[in-house]
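Spelled out, the chains give:
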Amino acid sequence: MSKILVKGGTALKGEVQIDGAKNAVLPIVTAAALATEGVSKLTNVPNLSDVKIISNLLTSLGVKVDYNQQEKTLEIDAREKLKTEAEFEFVSKMRASFLVAAPILAREGYAHVAMPGGCAIGGRPIGLHLKGFEHLGAKVVQDAGYVELKAEEGLKGTTIFFDFPSVGATQNVVMAACLAEGTTILENAAQEPEIGDMIDFLTKMGAKISGKNTATLVIEGVEKLTGAEYAIMPDRVEAATYMIAAAATKGDVLVKGARYRDNVALVAKMREMGVTIEVLDENSMRVTNTREFLNPTDVKTLPHPGFLTDMQSQMMVLMLLAKGTSTITETVFENRFMNVEELRRMNAKIRIEGRTALIEGGVQLEGANVKATDLRAGASLIISGLIAHGETIIRHIEHIDRGYVDVESKFRKLGADIVRIVE
Ligand code: UD1
């Protein structure tokens with residue numbers, strides 16, 4: 001198994017280019033499976049293990065998927081009838097796989113999809129997805145780890161209210177409603193920018209959706225959707241990770257592909273801590289930090305436009321550089337402080353009280369042997385390795401490869417002493 005070795009102490013300097021967004025490309029690839037005519041061509045597709053998983057799942061459904069690594073393009077030809085069974089082998093690997101339920105059900109009137117199950121950051125129920133399908137007229141039966149969805153007469157537009165603005169459930173309902181008869185109104189929809197990206201792609205395919213980036217989406221069903229060309233938005237979590245790393249190492253980094261509009265909460269919190277962030281244009285930000293100590297702050301994770309849960313592990317490391325105690329309150333997932341145990345191995349002083357982590361700043365981190373427990377926890381360990389005394393070895397980096405393209409070469413280009421050791 002491979003590991004990453006980081007030697008701390010270098011200030012990051014230079015430019016980094018952000019890749020396409022993992023959380024946008026996964027729903028967009030599944031949306032491409034709605035097209036019964038034409039072929040879709042996605043550009044700016046990141047070379048990530050999660051993209052391979054969703055591609056393999058679509059292939060198992062009879063869709064032709066072709067990735068060109070050099071050009072970062074993905075062609076999707078879904079014109080053949082879809083197979084209706086999404087097997088456990090694929091769906092269990094990644095929760096976003098459950099998004100194939102919508103195209104299968106909407107096109108074929110029947111879907112048999114394995115349940116995604118939980119993962120390290122907490123139980124991950126699908127009740128809202130199923131509620132959405134039920135309101136659209138599907139009969140839902142759960143049995144032996146699978147969900148059976150039936151809509152022999154086709155789906156029918158309706159009004160749906162979500163108790164919580166789930167990202168995945170919003171994506172599944174929007175996709176299904178595109179091919180339903182009549183109009184669907186989705187209230188308390190999630191507003192994450194990656195959903196806006198999926199809506200833009202669906203619109204290019206011929207869908208009629210209004211209310212993008214708001215909590216009320218109105219979807220007018222259409223007869224058919226046609227494959228389209230689309231460039232995936234830049235990854236705001238990858239951008240945030242390099243921005244935080246730049247600040248933590250007291251560096252000076254131009255992050256190309258970091259969009260202020262998608263990262264308002266992060267920028268506000270980093271500025272509150274004393275980090276200098278210049279918004280250069282729509283697509284890039286420059287992060288500098290010369291301060292010996294930052295200011296402590298409090299962060300609460302929330303649905304968009306609140307602070308994104310996928311950035312809190314990295315933010316926690318920045319808080320270790322503040323003079324005083326900062327807090328992070330996690331309200332989206334149950335179990336997202338898995339990195340704390342690993343950070344403690346590195347000498348961090350962090351206490352957990354219920355859903356809140358109390359982070360005591362100003363303590364020098366020491367390099368240690370640690371493990372990535374999930375994707376973003378892994379990213380936080382790289383950043384802590386960069387500011388620790390001595391050497392940090394990170395194991396289980398397969399989690400990091402799910403969401404970061406060429407992570408060690410991008411950091412190395414910024415001056416970091418970081419290598420991957422393939423064992
Ligand atoms: C997506 C992102 C993930 C991010 C999360 C929140 C992708 C591929 N993943 O995950 O990186 O951390 O949004 O921004 O885009 N819930 C229910 N019932 C449901 C669905 C969700 O109770 O039917 C709960 C979940 O248990 C969780 C919370 O809602 O506690 C948020 O989940 P959701 O917004 O659905 O996240 P995902 O789409 O899984």
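Residues numbered from 1 in each chain as written. Predicted model: local features only at pLDDT ≥ 70, side-chain atom pairs only at ≥ 80, totals over all residues. Heavy atoms only, no water.

Our next topic: the site of the ligand. Near the ligand there are 20 residues, and of these Arg 95, Leu 128, Ser 166, Asp 310 and Val 332 occur at the shortest range. Interatomic distance of 3.0 Å between a side-chain N/O atom of Asn 23 and an oxygen atom of the ligand. In this structure, an oxygen atom belonging to the ligand sits 3.3 Å away from a main-chain N or O atom of Pro 125. Computed on the free molecule, the ligand has an accessible area of 750 Å², of which 85% lies beneath the protein chains in the complex. (Near = heavy atom within 4 Å. Polar contact = N/O pair within 3.5 Å; in protein donor to acceptor, adjacent residues only side chain to side chain. Areas by Shrake-Rupley, 256 points an atom, 1.4 Å probe, with all protein chains shown as cover.)

What follows covers the sheet that holds strand S4 (residues 40–43). Each strand in a sheet pairs with its neighbour through backbone hydrogen bonds, running either in the same direction (parallel) or in the opposite one (antiparallel). Taken in spatial order, the four strands of this open sheet run S5-S6-S4-S16, and their pairing is mixed. Edge strands, defined here as strands with exactly one partner in the open sheet, are strand S5 (64–68) and strand S16 (229–231). Averaged over all neighbouring strand pairs, the angle between strand axes comes to 15°, with direction disregarded. In terms of strand pairing, S4 meets strand S6 (residues 73–77) through three bridges, oriented antiparallel. Directly across from Lys 41, in S6, lies its bridge partner Glu 75. Across the sheet, helix H7 (residues 193–205) is in contact with S4 and S16; its angle to S16 comes to roughly 160°. (Pairing = 2+ DSSP bridges. Helix = DSSP H or I, 4+ residues; strand = E, 2+ residues; numbered from the N terminus. Axes fitted to C-alpha atoms, helices over the stretch in contact; angles between N-to-C directions. Contact = heavy atoms within 4.5 Å.)

Looking at the assigned domains, one finds that the protein contains domain 1 (3–19 + 234–421) and domain 2 (22–231). In this structure, domain 1 and domain 2 have C-alpha centres spaced 31 Å apart. The partner domain 2 presents 20 residues to the 22 residues of domain 1 that form the contact. Together domain 1 and domain 2 conceal approximately 1,800 Å² of surface at their shared face, both sides included; 52% is due to carbon and sulfur atoms. Where Asp 50 meets Arg 402, a salt bridge forms, and the shortest distance between an N and an O atom there is 2.9 Å. Summed over the shared surface of domain 1 and domain 2, the number is six residue pairs in polar contact (both at pLDDT 80 or more). Grouping the amino acids of the side of domain 1 that touches domain 2 by side-chain chemistry returns seven nonpolar, four polar and 11 charged. (Domains from an automatic or database assignment. Buried area = accessible area lost by both parts, 1.4 Å probe. Salt bridge = Lys/Arg side-chain N within 4 Å of Asp/Glu carboxyl O. Nonpolar A, V, L, I, M, F, W, Y, C, P; charged D, E, K, R; others polar.)

Moving on to the pattern of salt bridges. Enumeration over the complete set of coordinates arrives at 24 salt bridges. For Asp 50, the salt bridge identified is with Lys 22, shortest N-O distance 3.7 Å. Residue Asp 50 is found in helix H2 (residues 49–60), and its partner Lys 22 is found in helix H1 (residues 22–32); the two are separated by 28 residues along the sequence. A relative accessible area of 1% places Asp 50 in the buried class. Given a relative accessible area of 6%, Lys 22 falls into the buried group. Residues Arg 107 and Glu 108 are paired through a salt bridge, measuring 3.9 Å at the closest nitrogen-oxygen approach. On the accessibility criterion, Arg 107 (18% relative accessible area) is buried. (Buried < 20%, exposed > 50% of the residue type's maximum accessible area, 1.4 Å probe, protein only.)

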